[in-house]
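These are the residues of each chain, in order.
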Amino acid sequence: MLQKNPSKPKAFLFDMDGVLYDSMKHHADTWVEAFRKYNIDFPAKEAYLNEGSTGDATIKKAIREIEGREATQVEIEGIYTEKTRLMNYVPKAEMIPGMQALIRQIRSMDIKIIVVTGSKQPVLLDRLGHDFGVERQNTVSGYDVKHGKPNPEPYRIALQKANCKPSEAVVIENAPLGIESAVNAGIYTIAINTGPLEKATLKKAGADKVFDTTEQLQKFVHNLITTDR
Ligand code: CA
């Protein structure tokens, strides 16, 4: 479903992990390690394919696909607890280069910025204000939703916060389930491919545009917010 290229968008809705912060490698590594403790060989690529999904859903799907059976409650709780524990030891995630400048540019045009993430990690959520000038009231996090991505709920809540219609917003995402969530909410969706997935995977999820570099993204957004049409 191709969304109409929005003229004069009123809000930009940014995903967090893999868009603002280079944090996905940490998630992938800690997933692999946590599964290994339970003797399950979880491929790192799966972490990128499931990105945006809840921990429970990731564990259930992996065990079904890898072991051909349902996950036990002990595994669901144990693997997620271990994953969360390991996240305390990963190095501080860097910002994705160019994103600070992009947000500054968008904000200079009086366009609202909302960050939409499935994450409940205080480590990164607490940095958004300092790094990107995005205060807590302008975020939708794992604490605000019943259903995570790919359900459209998180992006619908973001539209309410931004007080605008789907046709007045633009989403920046990096992962298939996040793209589906945004497209399901009827919003024009730009993907920036910061991970190891094929560009085609992001296209297939429904992204209206897919870029490989922040420079390409910056150019496109610049035209979008400055061109009168
Ligand atoms: Ca993401």
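Residues numbered from 1 in each chain as written. Predicted model: local features only at pLDDT ≥ 70, side-chain atom pairs only at ≥ 80, totals over all residues. Heavy atoms only, no water.

Below, the discussion takes up the domain arrangement of the protein. Here the protein is described as being made up of domain 1 (11-22 + 93-226) and domain 2 (24-87). Its C-alpha centre places domain 1 at a distance of 24 Å from the equivalent point of domain 2. Listed per partner, the contact involves 15 residues of domain 1 and 11 residues of domain 2. Across the domain 1/domain 2 interface, buried area totals approximately 1,000 Å², and carbon plus sulfur atoms make up 62% of it. Broken down residue by residue, the surface that domain 1 buries against domain 2 is led by Leu177, Pro196 and Leu197, which jointly contribute 35%. Seen at the junction of domain 1 and domain 2, the total is 0 salt bridges. The interface formed by domain 1 and domain 2 includes 2 residue pairs in polar contact (both at pLDDT 80 or more). Looking at the side of domain 1 that touches domain 2, its residues break down into 6 nonpolar, 5 polar and 4 charged. (Domains from an automatic or database assignment. Contact = heavy atoms within 4.5 Å. Buried area = accessible area lost by both parts, 1.4 Å probe. Salt bridge = Lys/Arg side-chain N within 4 Å of Asp/Glu carboxyl O. Polar contact = N/O pair within 3.5 Å; in protein donor to acceptor, adjacent residues only side chain to side chain. Nonpolar A, V, L, I, M, F, W, Y, C, P; charged D, E, K, R; others polar.)

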